[in-house]
Amino acid sequence: MAYTVTVLYDGYSRMEDGRMRANCTCTLVKGPITAIVDTMTAWDRDKILSGLEKNNISCDDIQYAVGTHGHSDHLGNLNLFTKAKHIVGYTVSYQDEFFIHPFETGEPYTLDDSLQIVPTPGHTTADVSVIVKTSDLGTVVIAGDLFEHENDIEDPSLWKFVAGSEKPDEQEKHRNQMLILADYIVPGHGPMFKVTPNMKKNARETAESKVT
Ligand SMILES: [Zn+2]
């Protein structure tokens, strides 16, 4: 199935004059199902509307609005998407109806052959990632704060301490799983990056060393 992933807005996180400034990366998934992942802060409504307009998508076209975890910089504009099912961390809802899905047991929420939402806890205890098999980039994982930024692969203190991790061991396990399966990763607070053979090799070696 023909999916594409378009980053509408590159997130960031940085210290500026002793203050933490951060906003999330916001991503559009287009194909048989249309979805938006991480809707920035409540002050970013116009950025999202113009990003969608450039891609000829209206808010009402969005069928799934995903917040990868329950932090305010990832959830600010869910209310633009009132035709969509909302998935926030492990919670799936539409209006006042809540759908039980056992993310806790590792069960993926499968939308079709090419689009899945999987539990990848660690940054918080209920993070999800969106896995998209695309027509142009191979497998893209929209990972939220499982990855803060491409640089956190070289410098783990970025995800462990700057972004913060509620369960570092779990997060490391899921980071390695996603590095092994992804061609590209959209991190929570930076541009999409390509997963290099070296990143995959290190992820495999670390994953194996944890098993034995
Ligand atoms: Zn974040």
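This one's a predicted model, so the numbers in the text were calculated from it and none came from an experiment.

A. Just the packing of aromatic side chains, in detail. Across all of its chains, the model carries 3 aromatic pairs by this definition. Between Y90 and F103, the ring centres sit 5.4 Å apart and the planes meet at 25°, which makes this aromatic pair stacked. Linking Y90 in the loop between β7 (85–88) and β8 (91–94) with F103 in the loop between β9 (97–99) and β10 (109–112), this pair joins segments that are 13 residues apart in sequence. When sorted by exposure, Y90 lands in the same class as F103, which is buried. Among the aromatic side chains, those forming a connected cluster through ring pairs are Y90, F103 and Y109. Positioned over the ring face of Y12 is R14, at 4.6 Å from the centre of the ring. The aromatic ring of F99 is capped on one face by K85, whose charged end is 4.2 Å from the ring centroid.

B. Quick look at the side chain of E148. In this structure, E148 sits in the loop between β13 (139–144) and α2 (157–162). No salt bridge is formed by the buried E148. Its closest oppositely charged neighbour is R175, at 8.2 Å. At 2.6 Å, the side chain of E148 forms a polar contact with the side chain of S13. Setting aside chain neighbours within four positions, we find E148 in contact with S13, L158, A163, P187, G188, H189 and G190.

C. Geometry of the sheet that holds strand β14 (residues 184–187). Ordered by their spatial adjacency, 6 strands build an open sheet running β10-β11-β12-β13-β14-β15, and the pairing between neighbours is mixed. Each having just a single partner strand, β10 and β15 (193–194) make up the two edges of the open sheet. Note that strand β12 (residues 128–133) and β13 share 4 bridges and pair antiparallel. What sits directly across from V130, in β13, is I142. Against the sheet, helix α3 (residues 168–181) makes contact with β11 (115–119), β12, β13 and β14, and its axis sits at roughly 155° relative to β13, the strand it touches most.

D. Here's a closer look at the coordination of the zinc ion. Surrounding the zinc ion are the protein donor atoms H74 (NE2), D145 (OD) and H189 (NE2), at 2.0 to 2.1 Å. Mapped onto the sequence, the residues coordinating the zinc ion show the spacing H-x70-D-x43-H. Of the two residues, D145 is situated in the loop between β13 and α2 and H189 in the loop between β14 and β15; the sequence distance between them amounts to 44 residues. In this structure D145 comes out as buried when scored by relative accessible area, which is 4%.

E. Local environment of the UniProt feature "domain: Metallo-beta-lactamase" (unreviewed entry) in the protein. Summarizing the sequence annotation, UniProt attributes the feature "domain: Metallo-beta-lactamase" (unreviewed entry) to residues 23–189 in the numbering used throughout. Segment residues 23–189 splits into 18% helix and 29% strand. End C-alpha atoms: 7 Å apart.

F. Quick peek at the sheet that holds β9. One open sheet accounts for 7 strands, arranged β1-β4-β5-β6-β7-β8-β9; its pairing is mixed. Two strands lie at the open edges of the sheet, namely β1 (4–9) and β9, each paired on one side alone. Within the sheet, the average angular offset between the axes of one strand and its neighbour, ignoring direction, is 20°. Here helix α1 (residues 45–54) sits on the sheet in contact with β1, β4 (26–30) and β5 (35–37), set at roughly 145° to β1.

G. Quick peek at the pairing of β10. Across 3 bridges, the pairing between β10 and β11 is antiparallel. Note on β11: the bridge partner recorded for T110 is Q116. Taken together, β10 and the strand that follows it, β11, pair antiparallel across an intervening segment of 2 residues.

H. A look at the nonpolar core. Ranked by size, the top nonpolar core spans 22 residues in total, and within it V29, Y109, L115, I117, V130, V132 and I142 carry the most contacts. Looking at this core, the elements with two or more residues in it are β5, β6 (64–67), β10, β11, β12 and β13. Among the elements that line this core, the one with the most residues is β12, at 3 residues. Leave out the neighbours within four places in its chain, and V130 touches V37, V66, L115, Q116, I117, V140, V141 and I142. By size, the runner-up hydrophobic cluster in this structure holds 16 residues, among which are M40, L52, I57 and A65.

Cut-offs and rules
Residues numbered from 1 in each chain as written. Predicted model: local features only at pLDDT ≥ 70, side-chain atom pairs only at ≥ 80, totals over all residues. Heavy atoms only, no water. Phe/Tyr/Trp six-rings, centres within 6.5 Å; stacked < 30°, edge-to-face > 60°. Helix = DSSP H or I, 4+ residues; strand = E, 2+ residues; numbered from the N terminus. Buried < 20%, exposed > 50% of the residue type's maximum accessible area, 1.4 Å probe, protein only. Lys NZ or Arg CZ within 6 Å of the ring centre and 35° of its normal. Lys, Arg positive; Asp, Glu negative; His and termini not counted. Salt bridge = Lys/Arg side-chain N within 4 Å of Asp/Glu carboxyl O. Polar contact = N/O pair within 3.5 Å; in protein donor to acceptor, adjacent residues only side chain to side chain. Contact = heavy atoms within 4.5 Å. Pairing = 2+ DSSP bridges. Axes fitted to C-alpha atoms, helices over the stretch in contact; angles between N-to-C directions. Donors = N, O, S within 2.8 Å, 3.2 Å for Na, K, Ca; no water. UniProt positions renumbered as here; feature names shortened; annotations may be inferred. Core = buried A, V, L, I, M, F, W, Y, C linked by side-chain atoms within 4.5 Å.

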